[in-house]
Amino acid sequence: MPKIYFLDVTNRDGVQTAKLGLSKLEKTLINIYLNEIGVFQSEFGFPTTKHESNYLKANLELAEMGVLKPIRLEGWLRAIIADIETVFKLVPNIRHLNLSISTSNQMIQGKFQGRKSRDDIINDMTRAVDAAWAHGAESVGVNAEDASRTDLDYLLKFGKAAKEHGANRLRYCDTLGYDNPFTIYETVKALAENVALPIELHCHGDLGMAVATSLAGAKGAIDGGQDAYINTTVNGIGERAGNADLVATILAVTKSKGFAGTYQLGGSIDLSKAWKIAKFASYAFNVPIPRNQPGVGANAFAHESGIHADGVLKDPENYELYGFEELGRGEPELVETGREISAGEYSGISGFSHVMGKMAVSFSSREEAQDVLELVRYANVEAHKPLVEDELLFIAKYPKVARKLLTLNPLD
Ligand SMILES: [Zn+2]
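Okay, so let's go over this structure. Model, not experiment: these values are computed from the prediction.

Rules used throughout
- Residues numbered from 1 in each chain as written.
- Predicted model: local features only at pLDDT ≥ 70, side-chain atom pairs only at ≥ 80, totals over all residues.
- Heavy atoms only, no water.
- Helix = DSSP H or I, 4+ residues; strand = E, 2+ residues; numbered from the N terminus.
- Rg over C-alpha atoms; globule rule 2.2 N^0.38 Å.
- Buried < 20%, exposed > 50% of the residue type's maximum accessible area, 1.4 Å probe, protein only.
- Contact = heavy atoms within 4.5 Å.
- Areas by Shrake-Rupley, 256 points an atom, 1.4 Å probe, with all protein chains shown as cover.
- Lys, Arg positive; Asp, Glu negative; His and termini not counted.
- Charge placed at Lys NZ, Arg CZ, Asp CG, Glu CD.
- Core = buried A, V, L, I, M, F, W, Y, C linked by side-chain atoms within 4.5 Å.
- 1 Å grid on protein atoms, 1.4 Å probe; cavity = no way out; pocket = protein on both sides within 12 Å on 5 of 7 lines; lining within 4 Å.
- Points joined across faces, edges and corners; volume = space filled by probe spheres on them.
- Donors = N, O, S within 2.8 Å, 3.2 Å for Na, K, Ca; no water.
- Axes fitted to C-alpha atoms, helices over the stretch in contact; angles between N-to-C directions.
- Parallel < 35°, antiparallel > 145°, perpendicular 65-115°, else oblique.
- Nonpolar A, V, L, I, M, F, W, Y, C, P; charged D, E, K, R; others polar.

Let's shift gears to the overall build of the protein. A tally of helices and strands in the protein yields 17 helices and eight strands. Computed over the C-alpha atoms, the radius of gyration of the protein is 22 Å, within 12% of the 22 Å expected from 2.2 N^0.38 for a compact globule of 412 residues. Seen through its C-alpha atoms, the protein measures out along the principal axes to roughly 65 × 65 × 35 Å. Looking at the protein residue by residue over its 412 residues, the buried ones come to 53%. Put simply, 74% of the contacts in the protein that link residues at least 6 apart link residues at least 24 apart. Summing over all exposed atoms, the protein offers an accessible surface of approximately 18,700 Å²; the carbon and sulfur share of this is 51%. Side chains of the protein give 43 positive and 53 negative charges; the mean places of these two sets differ by 3 Å.

So, on to the nonpolar core. Core analysis: the biggest nonpolar cluster contains 122 residues, and Leu97, Phe394 and Ile395 have the highest contact counts within it. The contact partners of Phe394, leaving out residues within four places of it in the chain, are Leu25, Thr28, Leu29, Ile32, Leu62, Val401, Ala402 and Leu405.

Next up on the list: the layout of surface pockets. Volume-wise, the largest pocket comes out at about 1,200 Å³. Lining of the largest pocket is provided by 27 residues; of these, Leu334, Leu387, Val388, Glu389 and Asp390 occupy positions nearest its centre. Breaking the lining of the largest pocket down by element, the ones donating at least two residues are helix 12 (274-285), helix 14 (349-358) and helix 16 (389-397). For the lining of the largest pocket, the element with the most residues is helix 12, which contributes five residues.

Before going further, it helps to spend a moment on the coordination of the zinc ion. Bound to the zinc ion on the protein side are Asp13 (OD), His202 (NE2) and His204 (NE2), at distances that span 2.0 to 2.1 Å. Between the donor residues of the zinc ion, the gaps in sequence give the motif D-x188-H-x1-H. Residue Asp13 is located in helix 1 (residues 10-14), and its partner His204 is located in the loop between strand 7 (199-203) and helix 9 (210-223); the two are separated by 191 residues in the primary sequence. For the pair shown, Asp13 and His204 are each scored as buried.

Take the environment of Leu25 next. Summarising the element assignment, Leu25 is placed in helix 2 (residues 24-37). Sequence spacing of Leu25 and Gly208 is 183 residues, and the spatial spacing of their C-alpha atoms is 31 Å. Not counting the four nearest positions on each side in its chain, Leu25 is found in contact with Ala379, Leu387, Glu391, Phe394, Ile395 and Leu405.

Once that is clear, we can look at unusual backbone geometry. Note the cis peptide between Lys69 and Pro70, where omega equals 10 degrees. Along the chain, the position of Pro70 falls in the loop between helix 3 (53-64) and strand 3 (72-78). Backbone geometry places Asn235, a non-glycine residue, at a positive phi of 60 degrees. For Asn235, the location among the structural elements is in the loop between strand 8 (228-232) and helix 10 (246-255). Asn235 sits in the buried class, given a relative accessible area of 15%. A positive phi is found at His384, a non-glycine position, where the angle reads about 60 degrees. Locating His384 in the fold gives a position in the loop between helix 15 (366-383) and helix 16.

With their axes 11 Å apart at the nearest point, helix 2 and helix 16 run at an angle of 95 degrees to one another. What the angle tells us is that helix 2 and helix 16 run roughly perpendicular. Where helix 2 abuts helix 16, its residues Leu25, Glu26, Thr28, Leu29, Ile32 and Tyr33 lie against Asp390, Glu391, Phe394 and Ile395. Considering only residue class, the contact of helix 2 with helix 16 consists of six nonpolar, one polar and three charged.

Turning our attention to the environment of Leu29. Among the secondary structure elements, Leu29 is positioned in helix 2. Put simply, Leu29 and Gly311 are 282 residues apart on the chain and 39 Å apart in space, counted from C-alpha to C-alpha. Among all residues touching Leu29, those that are not within four sequence positions of it are Phe280, Asp390, Glu391 and Phe394.

So this is what it looks like as structure tokens:
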């Protein structure tokens, strides 16, 4: 039976959200946490964008070192030859790509405004897929942008052309969050049956249904005989109303009525990392986790009213669908209420050594400590806020990789 995989797009859709962004070190930490939670693939950035190059190369190096393993790192670009050429010039070692092009009449008329016909779209896409293979890609996904507003006949034609040119997956983009669970199920099932490629579900929350449509789309893919790859972002951060939230989608797939028993995950998911990744993304994006967010919100396991409190004390299952421990919650967290020394862009060696010493990190020499401090200063310049422990530990452990991903060369 086909299976469900998670493909997180926080480092692409998440960071392209208006008014929000992540530093290159924060993006790297997100990849590390996604790997720990068991996500199959991270869409780790924009390989045609110059300021991403060093970050992307540094993360590919981490993959080679076994730090980012088994997660697959994939870059997002437009399905045009020029982008493929730029990608392999800027990031020669990239091996996994998703190529995106709009397929709906709305976009063809409204965005391309007569410059491209429907046939041109398919031509651009197939030529880009061919070029990706020719440059040494190992996996190629093809994204139909605005698929939910594209008529099915054309979508089938587009998908079949992608398959003929060897694409590994077809991404069904509900770009505007227009689908509902019923419509996406039918469309995706038809795509899976007729195109015979694994289907990615890329759903947005403009109508408040991103998780529900992702689940229904995954069911459609599997019922149509194909694997499903659900696109998520951490805390649902993404364009406008956002994407399907990673943790909520994992919970929906594994806990909702009748679903887990019938539909299975492709890899093992370690839900106990949920709390850590949600909290980090909240800090890094500077977007608080809503109190009522599934699983990781402050009220997800809070009970006050008499009947509920009494019920949950007698047996948690009376009013809780899953336990907080499963999500890695419940450990006490230390909050400094007295003197505090933090490491920032103007820190000196003494304060920095104190901070690292508190995490039981010691350096072999003063020079080594100075080198790491210098990198920490640069990381602070980019992040504009104190680094979290895992960021400091990362820099201390992989200073060479950190140096690379903190290097921005606009004059090159
Ligand atoms: Zn999107």
